[in-house]
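Okay, here's what each chain looks like letter by letter:
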Amino acid sequence: MRPLQKAKLIATCVALSYACNLQYGYSSVYLNTPVEGFKTYLNESLTRRGWLMTEDTYSWMWNLILNIWFVGFFFGVWLSPFLNDRYGRKVGFILMNTISLLGSITRYLGTLLYVPELLFIGRILVSIATAVTYQSQILYFQECSPTKLRGSLSFFSDFSFSTMALLGMSLGTKNVFGDHISYLLGVMVIPYVNLQESVAQWSSTSMAMCYTLGTMCGAFCIER
């Protein structure tokens, strides 16, 4: 393989890794650090409906939102072989990242409008989608790469997941967005000083659109 072709293949695989694992890594951990922030969010959501949040109510709501990720991921794992084998890896990429985009928007609206049900639905959609895209990208890398590069290219998948998980954990701390849940779900880039509210609110949607388009472009490049 020529150096230029090798560089193009590596760049494409890196882009696909982050396109698929942006949501996977971030969504797996962002709930772990801002526990008090989410407790305040749930309390405010119930208060606006005229309901009283007890410790038992908070416990089952929090556990449901937290653990539904693994239920959705389980179903996504079983959906992946059917989707990837029957319709192809590229279809799996594009379709599931589009669903992940919808889940990201739904999840953000849930925090903005104080509707926990939307947060719950958004987490289900994202978890199912990321389970499929994660396996799709591994299959893609194994099939499109030369034998000597398969191990190296597959490494980018785990590396991108780790960096996105680190980002989600860091943004969820109290010193960053731990007390601002809408910001935590509305921004997936490193924050900067004097971040405007309008930017924080809509950057989640724009980022999701970017990684969906990036996946489409990456899939096209590999096919070519």
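Bear in mind the structure is a predicted one, so any value in this text is a computation, not a measurement.

Overview of the confidence of the model for the chain
Looking at the chain as a whole, the pLDDT averages 75, with 78% of positions reaching at least 70. Mean pLDDT per element in the chain: helix 8 (residues 197–223) is the minimum at 43, and helix 3 (residues 55–87) is the maximum at 87. Of the regions scoring below 50 in pLDDT, residues 218–224 engages in 12 contacts with residues more than four places distant in sequence or in other chains.

A short note on the environment of Ser45
Tracing the chain through its elements places Ser45 in helix 2 (residues 35–48). When the C-alpha atoms of Ser45 and Thr111 are compared, they prove to be 9.0 Å apart, with 66 residues separating the residues in sequence. Setting aside anything within four residues of it in sequence, one finds Ser45 in contact with Tyr114, Val115 and Pro116.

As for the UniProt feature "transmembrane region" (unreviewed entry) in the chain
Feature annotation in UniProt places "transmembrane region" (unreviewed entry) on residues 60–79, 91–114 and 120–141, given in this structure's numbering. Helix makes up 100% of residues 60–79 and strand makes up 0%, while its end C-alpha atoms are separated by 28 Å. Secondary structure across residues 120–141 comprises 100% helix and 0% strand; the distance between its end C-alpha atoms is 32 Å.

Looking at the packing of helix 1 (residues 3–29) against helix 6 (residues 150–171)
Remark: helix 1 packs on helix 6, axes separated minimally by 7 Å, with the N-to-C direction vectors making an angle of 35°. Considering only the axes of helix 1 and helix 6, their crossing is right-handed.

A short note on the packing of aromatic side chains
Applying the stated criterion across every chain, the model contains 10 aromatic pairs. Ring plane angle 65° and centroid distance 5.1 Å describe the contact between Tyr24 and Tyr134, whose orientation is recorded as edge-to-face. Here Tyr134 lies in helix 5 (residues 116–144) and Tyr24 lies in helix 1, a separation of 110 residues in the sequence. By relative accessible area, which is 14% here, Tyr24 ends up buried. Aromatic pair Phe38 and Tyr41: ring centres 6.4 Å apart, planes at 90°, arrangement edge-to-face. One end of the pair is Phe38 and the other is Tyr41, both in helix 2 and three residues apart, which spans about a single turn. Owing to a relative accessible area of 1%, Phe38 belongs among the buried residues under this scheme. Ring pairs connect the aromatic residues Phe38, Tyr41, Tyr58, Trp62 and Tyr114, which therefore count as one cluster.

Remarks on unusual backbone geometry
In this structure, Tyr114 is a non-glycine residue whose phi angle is positive, near 60°. Mapped onto the fold, Tyr114 is located in the loop between helix 4 (89–112) and helix 5.

A closer look at the packing of helix 3 against helix 4
Packing of helix 3 against helix 4 brings their axes to within 6 Å, and their N-to-C directions diverge by 125°. Relative to helix 4, the element helix 3 lies oblique. The segment helix 3 lies against helix 4, with Leu79, Leu83, Asn84, Asp85 and Tyr87 engaging Arg89, Val91, Gly92, Leu95 and Met96. When its residues are assigned to classes, the contact of helix 3 with helix 4 shows six nonpolar, two polar and two charged.

Each value, and the rule that gives it
- Residues numbered from 1 in each chain as written.
- Predicted model: local features only at pLDDT ≥ 70, side-chain atom pairs only at ≥ 80, totals over all residues.
- Heavy atoms only, no water.
- pLDDT = per-residue confidence, 0-100.
- Helix = DSSP H or I, 4+ residues; strand = E, 2+ residues; numbered from the N terminus.
- Contact = heavy atoms within 4.5 Å.
- UniProt positions renumbered as here; feature names shortened; annotations may be inferred.
- Axes fitted to C-alpha atoms, helices over the stretch in contact; angles between N-to-C directions.
- Left-handed = near helix turned anticlockwise from the far one by under 90°.
- Phe/Tyr/Trp six-rings, centres within 6.5 Å; stacked < 30°, edge-to-face > 60°.
- Buried < 20%, exposed > 50% of the residue type's maximum accessible area, 1.4 Å probe, protein only.
- Parallel < 35°, antiparallel > 145°, perpendicular 65-115°, else oblique.
- Nonpolar A, V, L, I, M, F, W, Y, C, P; charged D, E, K, R; others polar.

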